[in-house]
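# Chains, contacts and geometry: an overview
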Amino acid sequence: MTTVTTEDLKALFARIAEAMEREKDRLCELDGVIGDADHGIAMELGFTAAAKAVSELDTTAADPTLVFNTAAKSFLNAVGASSGPLYATALMRAGAVAKGKSTLNDDDMVEIFAALAKGIQDRGKAEVGEKTMVDAWAPAAAACRTARDQGLSLADCFAAALKAGQAGAEATKDMVAAKGRSSRLGDRALGHMDPGAASAVVVIACFHDHFM
């Protein structure tokens, strides 16, 4: 059984921020085809702000809920539009799952992962098949929970999540967008991966890599 501390969570946010910095240009390129070419910048700004804010928390006083809530507030302050409220809601939901816990175990992390996905879906009012980040997050969370129900380790749960998230993101190439700016393009969005789904896979991959 894994024991996840506030230090582990701080390191996870640092990992995500570094990954977004690496992937920023690719995400902007994807967004340039069906959006306004700034998704990578927004995600880098948001997670960099979140990572910096949580890194400054006093470990002796901070608990997992404070880490997630601090990340949520910082992300929203850095990214006011589109993905900002989505990830802020997701991180607040994660904080609610962790409430009252000083450390987190495997089951807690699976529930937190599910809460992130549900927060994004609820705030965005999106369903699978509408060419959004939900197309990666929802199947990833479902696969993660199924793996845990089968008694698999946290590492295996996140491996299943990553595989499902990647497949979900890939599937957005064959979808016509129903939400956001890309919905105006109609069939012209076909053949292009949704940038939100692509960035979701980056986050999911960080969970996978961090808990291998």
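Residues numbered from 1 in each chain as written. Predicted model: local features only at pLDDT ≥ 70, side-chain atom pairs only at ≥ 80, totals over all residues. Heavy atoms only, no water.

### Description of the packing of helix H5 (residues 106–124) against helix H6 (residues 134–149)
To keep things clear, this is the line we draw: Axis definition: a line fit to C-alpha positions, over the contact stretch in the case of helices; interaxial angles, taken between N-to-C directions, run 0 to 180 degrees. Labels follow the DSSP assignment, with helices taken as runs of H or I lasting at least four residues and strands as runs of E lasting at least two, numbered in each case from the N terminus. The cut-offs work like this: below 35 degrees is roughly parallel, past 145 is roughly antiparallel, 65 to 115 is roughly perpendicular, and the gaps in between are oblique. Two helices crossing with the near one rotated counterclockwise from the far one by less than a right angle form a left-handed crossing, whereas a clockwise rotation gives a right-handed crossing. We call two residues contacting when some pair of their heavy atoms lies within 4.5 Å. Three residue categories are used. Nonpolar comprises Ala, Val, Leu, Ile, Met, Phe, Trp, Tyr, Cys and Pro, charged comprises Asp, Glu, Lys and Arg, and polar comprises the others, including Gly.
In the contact formed by H5 and H6, the axes pass within 9 Å of each other and the chain directions differ by 155 degrees. Classified by the angle between their axes, H5 and H6 sit roughly antiparallel to one another. Once H5 is placed against H6, the crossing between them reads as left-handed. Residues Asp106, Asp107, Val110, Glu111, Phe113, Ala114, Leu116, Ala117, Ile120 and Gln121 of H5 touch H6, and the partners they reach there are Val134, Trp137, Ala138, Ala140, Ala141, Cys144, Arg145 and Arg148. Across the contact of H5 with H6, the residue classes tally to 12 nonpolar, one polar and five charged.

### A look at the side chain of Lys131
Our working definition: Each residue is placed in one exposure class: buried if its accessible area under a 1.4 Å probe, protein chains only, is under 20% of its type's maximum, exposed if it is over 50%, and partly exposed if it falls in between. Neither His nor the chain ends is counted toward charge; the positive residues are Lys and Arg and the negative residues Asp and Glu. Whenever Lys or Arg places a side-chain nitrogen within 4 Å of a carboxyl oxygen from Asp or Glu, that contact is recorded as a salt bridge. Throughout this description, a polar contact denotes any pair of N or O atoms lying within 3.5 Å of each other; where both atoms belong to protein, one of them has to be capable of donating a hydrogen while the other can accept it, and for residues adjacent in sequence the pair is counted only when both atoms sit in side chains.
Examined against the element boundaries, Lys131 turns out to sit in the loop between H5 and H6. The charged side chain of Lys131 is buried without a salt bridge, its nearest counter-charge being Asp194 at 6.5 Å. Reaching out from Lys131, the side chain makes a polar contact with the backbone oxygen of Thr172 at a distance of 2.5 Å. Only 2.6 Å separates the side chain of Lys131 from the backbone oxygen of His192, close enough to count as a polar contact.

Interpretation in functional terms is not warranted from these geometric data alone.
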